[in-house]
Amino acid sequence: MENPAFEKSKDDPPLYEETPFSSNGYGNGDHRSVRPSVVSAFGHDTLDRVPNIDFYRNAGSVSGHRAIRPSLQELHEVFEKNGDLDVHDTMDDGEGSDVLPNDDLEAIASPEDNGGVVKFGWIKGVLVRCMLNIWGVMLFIRLSWVFGQAGSGLGIIIIILSMVVTTLTCLSMSAICTNGVVRGGMQIGITWAYYLISRSLGPEFGGSIGLIFAFANAVAVAMYVVGFSETVVDLLKVNDAIMVDEVNDIRIVGCITVVLLLGISVAGMEWEAKAQIALLVILLLAIANVFVGTAIPATEEKRAKGFYSYQASIMAENFTPNFRDGETFFSVFAIFFPAATGILAGANISGDLKDPQGAIPIGTLLAIFITGITYLGIALCVSATVVRDATGNLNDTITPGAKCNFSVACNFGYDFSICRTTKCQYGLMNNFQVMTMVSGFGPLITAGTFSATISSALASLVSAPKVFQALCKDNIYKALHFFAKGHGKNNEPIRGYVLTFVIAVAFILIAELNIIAPIISNFFLASYALINFSCFHASYAKSPGWRPAYKYYNMWLSLFGAVLCCAVMFVINWWAALLTYAIEMFLYIYVTVKKPDVNWGSSTQAVTFVNAVNNALTLSGVDDHVKNFRPQCIVLTGTPKTRPALLDLAHSITKNYGLCITCDVFVGPRLEQQQALTAAMEQNQMWLNQQKRKAFYAAVASDNFREGAESLLQASGLGRLRPNTVILGFKRDWKTVYTANVQEYVGVLHDAFDFEYGIVMLRISQGLDISHILEAEGTQEQNKACVGMAEMLFAISMTSSRGTNSAVTAQKITMEVPHSSDVAKINQRLVEASSQFKRKQGKGTIDVWWLYDDGGLTLLLPYILTTRKKWRECKLRIFIAGQPGHLEQDKEEMQSLLKKFRIKCTDITVIADFNIRPSSENWKLFEDMIEPYRLHEGSKDTAQAEALRKEHPWKITDAELDRFEDKTSLQLRLNELLQESSRAAKLIIVSMPIARKGSVSDHLYMAWLEALTKNVPPTLLVRGNHKSVLTFYS
């Protein structure tokens, strides 16, 4: 088979293929030559490849095939063994990928499904949509009222403040959307506003703001439809065609309208886009009609309604504010601000754009500028031509000789002073249809109002379901996954449309625009605040992956934008702002607790990493203090799941407050073990996370267990975050394994003491290792799968043989794992014992046999356990050694010491008979236990004894037994005392005896530990490093 990594001949010219990709990050469709092979470039055969964009694609990319670069192992090792290596140039989705398919930012749909997908450019997809959404309900039916209340002076500030908020948000949005390929997720139509927040700040913020933003868009539909309905009802009123009353007519018209809009939206993006273009044309004509109409001389009818063409006196009078009906600057701002919220209309359909990176910044910024100028132009024109109050009565002219000082209308022959006491129907303050009155052709303004409201409602009706669909597809809130399903070639969220429809109808029934608008302002300001904060947060994290192509932003400007949005929220309505952020915090906490299985490379992760490094460095500059000592544990569990009791106990000690590293040693040649080690690193850390164990997993490959453990003891940790305590299990099979295994085990203990670690050894009578049970369960599952397959094949064969003359006899296949009842019972007891520390311990005692002062670790560990929820009902009992005749004094001294340490215990027992010789039965059992390991050189002559020592240097000599007879006696006697006094304890903690290096043989030491801990409840042998870990000083 030809190796695709090489060309046929290195003398041939280099081959090139045309691959479409974006050369400048904006997806402009440029085609660049890509060299698939680099043989000719370097002049010799090589697997190394030149840089190529296809190596950096994610699985499922629609803009090109993902290629696999040669692995480091292929370059480093394989060709030394054989020169024939098959390296694939491309890969299937998910195969060999270093990312999951749902992490792909480019994967929109499978290539075979991309036919017929509608894609838009920056004008049609962003500029037009943003302008139509910004030129919404406020343009023709509330802008004049805003300037009537606030005056043209403060009105200009309201528009500028809105533009400042939206421009800052757009700058932040542009920076984020140009930081890589923006596709908004895996499916077409997923909204980008939710995408940028969630992928930047993580699922906690993204999930909460996604729900709020989707809800805001749904409510926006209601606001625009209510504005449309107001205009329709005004027409009905003029023509005396009111159906019920004004409020109920708004509800009726609104509900009918939203049903029609739903039909247009469900018809698909192409129909919706065509409708948008038609609406834009009408809207532009209506806007031009306003400017033209204000320049036409006023008729007598219009003069009676307060329109007098351009007059400096009118402009001067309308310059100052005149707030009425309890309105303030910020309440008027809250009603106007939804007019500026359309800046995300283009970004919301980024999945349907040809080039989101280029389209979103230029289209949105240009839309903000054009619409802002339009708002200012129309508002100033109206403020210079229409007075605040007018009656509309042609007879309200000034009578000769009468005084008139109500308004500037007096200068033009009209006296509207009756408006001081009576509610008038016309003027900036009273008539929401002022634009229709001042225009050159009134019906065109009505059509423009319909265009502005319908286009904005349509955009929001499209956006809200797509935001919600994006959120549901991420499965952050599992209960909402029902709404993730899409339909049709554009994956339309039909279920989301229905939900949006229900929400919109609910708010349409309010039928009051001035009530709905502040609600939307609140939600959109919260969304904009988080967009700005996302940009600031990503910049602040200084992640190498933060490289936006759009450079016209500043992290501090983004932070200012976020603070400005929050401040405006609270000034508009403090309790609504508090409620909004309370909802966000609730959703944030919910997602934090549930921990969805997503990894988006958010800036939160980057900041967490930076803070962790800085805190570790800060900690390294501070000397350790005894008051801050806590056990930092390195736990020799092997694979964590195989020794659950050891892991559970270690977790109880460290919990959320200390370092816990579970360690594994892969014994064997490093190169052979490397693949298994690499796989185990990820699998076991994932298992720890799934089991909610706050622990790390570390593994090394070594030729033997001791060398591997030594490497872990020396290299584990970082700065001050280094382990100080070794936790391991008692080697229960020491009597049956090879001598080298025992030597390695005891050697690890010696190494730990050499490195000044404290040691904690756990012994449970039933044992700790359940790996054989886990393996049996895995085998049994495989057998069940085989049985299921056999049964299925048998059923198929029986079905296929029906109707034939041949008689088929079949026998059901069964597979069983043979096991004896005794083995099953032993395994059952082992499993129960291994899970005992997972359960709440209930009332009982932790007996602490503090025989040697090791710095206080033997006392500190049980105290820490009693602070944990599972051990809280257990009380401490302290046992100490004392001298005959001084028992009370020794007890009082210990009571005083514990009081100073502020450690409570229920009882202190002083033992004075440690020196009593253990029973002869125990001596006999001990001697029988060590018999296979004794040298018995005393019964041999000198030459034979010396030969035995050389042949078996690890065996226990007679001289050694004689020299350590007292110490052996102590271990046996201590076991008798443990059985007498602590048989009912939940846990026994006893000072660990130390074997001096070179003096005590490994098997004798193991025999001591065996004799000390046999036939007693779960026991911890503890020995600190003889440095104080307790203090009574403040």
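Each value, and the rule that gives it
- Residues numbered from 1 in each chain as written.
- Predicted model: local features only at pLDDT ≥ 70, side-chain atom pairs only at ≥ 80, totals over all residues.
- Heavy atoms only, no water.
- Helix = DSSP H or I, 4+ residues; strand = E, 2+ residues; numbered from the N terminus.
- Buried < 20%, exposed > 50% of the residue type's maximum accessible area, 1.4 Å probe, protein only.
- Contact = heavy atoms within 4.5 Å.
- Areas by Shrake-Rupley, 256 points an atom, 1.4 Å probe, with all protein chains shown as cover.
- Disulfide = S-S within 2.5 Å.
- Pairing = 2+ DSSP bridges.
- Axes fitted to C-alpha atoms, helices over the stretch in contact; angles between N-to-C directions.
- Expected span 1.5 Å × (residues − 1).
- Bend = angle between axes of the 7 residues up to and from the residue.
- Salt bridge = Lys/Arg side-chain N within 4 Å of Asp/Glu carboxyl O.
- pLDDT = per-residue confidence, 0-100.
- Core = buried A, V, L, I, M, F, W, Y, C linked by side-chain atoms within 4.5 Å.
- Polar contact = N/O pair within 3.5 Å; in protein donor to acceptor, adjacent residues only side chain to side chain.
- Patch = residues over 30% accessible without salt bridge, like charges linked within 9 Å, V, L, I, M, F, W, Y side chains within 5 Å.
- Lys, Arg positive; Asp, Glu negative; His and termini not counted.
- Charge placed at Lys NZ, Arg CZ, Asp CG, Glu CD.
- Phe/Tyr/Trp six-rings, centres within 6.5 Å; stacked < 30°, edge-to-face > 60°.
- Lys NZ or Arg CZ within 6 Å of the ring centre and 35° of its normal.

### Some thoughts on the overall build of the chain
Part 1 of the reasoning: Helices and strands together make up the secondary structure of the chain, namely 33 helices and 12 strands.
Part 2 of the reasoning: Going through the 1034 residues of the chain one by one, you find that 51% of them count as buried.
Part 3 of the reasoning: Intrachain contacts of the chain at a sequence separation of at least 6 include 79% that bridge at least 24 residues.
Part 4 of the reasoning: Of the roughly 48,300 Å² that the chain leaves accessible, carbon and sulfur atoms contribute 57%.

### Some thoughts on the state of the cysteines
Part 1 of the reasoning: Tallied over the full model, the rule gives one disulfide.
Part 2 of the reasoning: Residue Cys419 pairs covalently with Cys424 via a disulfide, S to S 1.8 Å. Taking the sign of the S-S torsion, -105° for the link of Cys419 and Cys424, the bridge is left-handed. Considered together, Cys419 and Cys424 belong to a single accessibility category, that of buried residues.
Part 3 of the reasoning: There is no disulfide at Cys633, and the cysteine sulfur nearest it, in Cys660, is 6.0 Å away.
Part 4 of the reasoning: The exposure class assigned to Cys633 is buried, which follows from its relative accessible area of 0%.

### Points about the sheet that holds strand β7 (residues 758-763)
Part 1 of the reasoning: What the 10 strands build is an open sheet, ordered β5-β4-β3-β6-β7-β12-β11-β8-β9-β10; its pairing is mixed. Pairing within the sheet leaves two strands with one partner each, and these edge strands are β5 (696-702) and β10 (907-911). Each adjacent strand pair in this sheet contributes to an overall mean axis angle of 20°, direction not counted.
Part 2 of the reasoning: With three bridges connecting them, strand β3 (residues 633-635) and strand β6 (residues 725-729) associate as parallel partners. Bridged to Val635 within β6 is Ile727.
Part 3 of the reasoning: Where helix α21 (residues 644-654) meets the sheet, it contacts β3, β4 (660-667), β6, β7 and β12 (1019-1023), and its direction lies at approximately 155° from that of β6.
Part 4 of the reasoning: Contacting β6, β7 and β12, helix α24 (residues 739-754) runs over the sheet at an angle of about 150° to β7.

### Some words on helix α5 (residues 143-177)
Each α-helix winds once per 3.6 residues, and so residues spaced three or four apart point in a common direction.
Part 1 of the reasoning: The terminal C-alpha atoms of α5, which comprises 35 residues, lie only 32 Å apart, well short of the 51 Å expected from a rise of 1.5 Å per residue.
Part 2 of the reasoning: Its maximal kink placed at Gly151, α5 deviates by approximately 115°.
Part 3 of the reasoning: The buried fraction of α5 is high, at 28 of 35 residues.

### Examining the pattern of salt bridges
Part 1 of the reasoning: The tally for this structure, following the rule as stated, stands at 23 salt bridges.
Part 2 of the reasoning: Between Arg720 and Asp624 there is a salt bridge, and its shortest N-O distance comes to 3.4 Å. Here the residue Arg720 occupies a position in the loop between α23 (705-715) and β6, and Asp624 occupies one in the loop between α20 (603-620) and β3, the gap between them amounting to 96 residues.
Part 3 of the reasoning: Residue Asp754 is joined to Lys997 by a salt bridge in which the shortest nitrogen-to-oxygen separation is 3.1 Å. Of the two residues, Asp754 sits in helix α24 while Lys997 sits in the loop between β11 (987-991) and α33 (1002-1013), which places them 243 residues apart along the sequence.

### As for α21
Part 1 of the reasoning: Among the 11 residues that make up α21, 11 are buried, leaving the element largely enclosed by the rest of the structure.
Part 2 of the reasoning: Buried residues of α21: Pro644, Ala645, Leu646, Leu647, Asp648, Leu649, Ala650, His651, Ser652, Ile653 and Thr654, and no others.
Part 3 of the reasoning: The positive-phi residue at the C-terminal boundary of α21 is Lys655, with phi of around 45°.

### Description of unusual backbone geometry
Part 1 of the reasoning: A positive phi angle, close to 60°, is found at Ser309, a residue other than glycine.
Part 2 of the reasoning: Mapped onto the secondary structure, Ser309 falls in the loop between α10 (300-304) and α11 (312-317).
Part 3 of the reasoning: Since its relative accessible area comes to 12%, Ser309 is described here as buried.
Part 4 of the reasoning: Positive phi is not limited to glycine here, since Asp325 has a value of about 55°.
Part 5 of the reasoning: On the secondary structure map, Asp325 appears in the loop between α11 and α12 (329-336).

### Structural notes on the confidence of the model for the chain
Part 1 of the reasoning: Model confidence for the chain is summarised by a mean pLDDT of 80, while 82% of its residues fall at 70 or above.
Part 2 of the reasoning: Below pLDDT 50 for its whole length, residues 182-190 participates in 49 contacts with residues either more than four positions away or in separate chains.

### Quick notes on the nonpolar core
Part 1 of the reasoning: If you look at the biggest cluster of nonpolar residues, it comprises 129 residues, and the most contacted ones within it are Leu139, Phe140, Leu143, Met223, Tyr375 and Tyr528.
Part 2 of the reasoning: Ranked by residue count, the leading element in this core is helix α7 (residues 203-238), at 17 residues.
Part 3 of the reasoning: Excluding anything up to four places from it in sequence, Tyr375 contacts Ile134, Trp135, Gly136, Leu139, Leu143, Ile159, Phe336 and Ala339.
Part 4 of the reasoning: Residues Leu659, Leu749, Tyr757 and Tyr1005 belong to the second largest nonpolar core, which totals 56 residues.

### Some words on the side chain of Gln149
Part 1 of the reasoning: With respect to the secondary-structure elements, Gln149 resides in helix α5.
Part 2 of the reasoning: Owing to a relative accessible area of 1%, Gln149 belongs among the buried residues under this scheme.
Part 3 of the reasoning: A polar contact is formed between the side chain of Gln149 and the backbone nitrogen of Arg324, at a distance of 2.9 Å.
Part 4 of the reasoning: Contacts of Gln149, omitting those with residues within four sequence positions, involve Pro321, Asn322, Phe323, Arg324, Glu327, Val332 and Met429.

### Overview of the environment of Cys177
Part 1 of the reasoning: The topology assignment puts Cys177 in helix α5.
Part 2 of the reasoning: The exposure class assigned to Cys177 is buried, which follows from its relative accessible area of 0%.
Part 3 of the reasoning: Between the C-alpha atom of Cys177 and that of Ala549, which follows or precedes it by 372 residues, the distance is 8.9 Å.

### Re a positive patch on the surface
Part 1 of the reasoning: A grouping of Lys594, Lys595, Lys655, Lys692, Lys694, Lys869 and Arg872 is seen on the molecular surface, where their side chains present a positively charged patch.
Part 2 of the reasoning: Its relative accessible area of 66% is what places Lys692 among the exposed residues.

### Re a nonpolar patch on the surface
Part 1 of the reasoning: Taken together, Trp122, Ile123, Ile362, Leu366, Phe369 and Ile373 make up a surface patch of nonpolar side chains, about 540 Å² in accessible area.
Part 2 of the reasoning: Ranked by the residues each element gives to the nonpolar patch, the list is headed by helix α13 (residues 356-383), at four residues.
Part 3 of the reasoning: Inspection of the secondary structure assignment puts Trp122 in helix α3 (residues 122-134).

### Observations concerning the packing of aromatic side chains
Part 1 of the reasoning: Under the definition given, this model contains 29 aromatic pairs.
Part 2 of the reasoning: Centroid distance Phe228 to Phe450: 4.7 Å. Interplanar angle 55°. Geometry classified as tilted. You can see Phe228 sitting in helix α7 and its partner Phe450 sitting in helix α15 (residues 442-473), a full 222 residues away along the chain.
Part 3 of the reasoning: Here Phe450 falls in the partly exposed class, since its relative accessible area comes to 22%.
Part 4 of the reasoning: With a centroid separation of 6.2 Å and 50° between ring planes, the pair formed by Tyr308 and Tyr414 is classed as tilted. One end of the pair, Tyr308, is in the loop between α10 and α11; the other, Tyr414, is in the loop between α13 and α14 (434-438), with 106 residues separating them in the sequence. Per residue, the accessibility class of Tyr308 equals that of Tyr414, and both read buried.
Part 5 of the reasoning: Among the aromatic residues, those joined into a ring-pair cluster are Phe213, Phe333, Phe337, Phe524 and Tyr528.
Part 6 of the reasoning: Between Arg495 and the ring centre of Phe482, over which it is positioned, the NZ or CZ distance is 4.0 Å.

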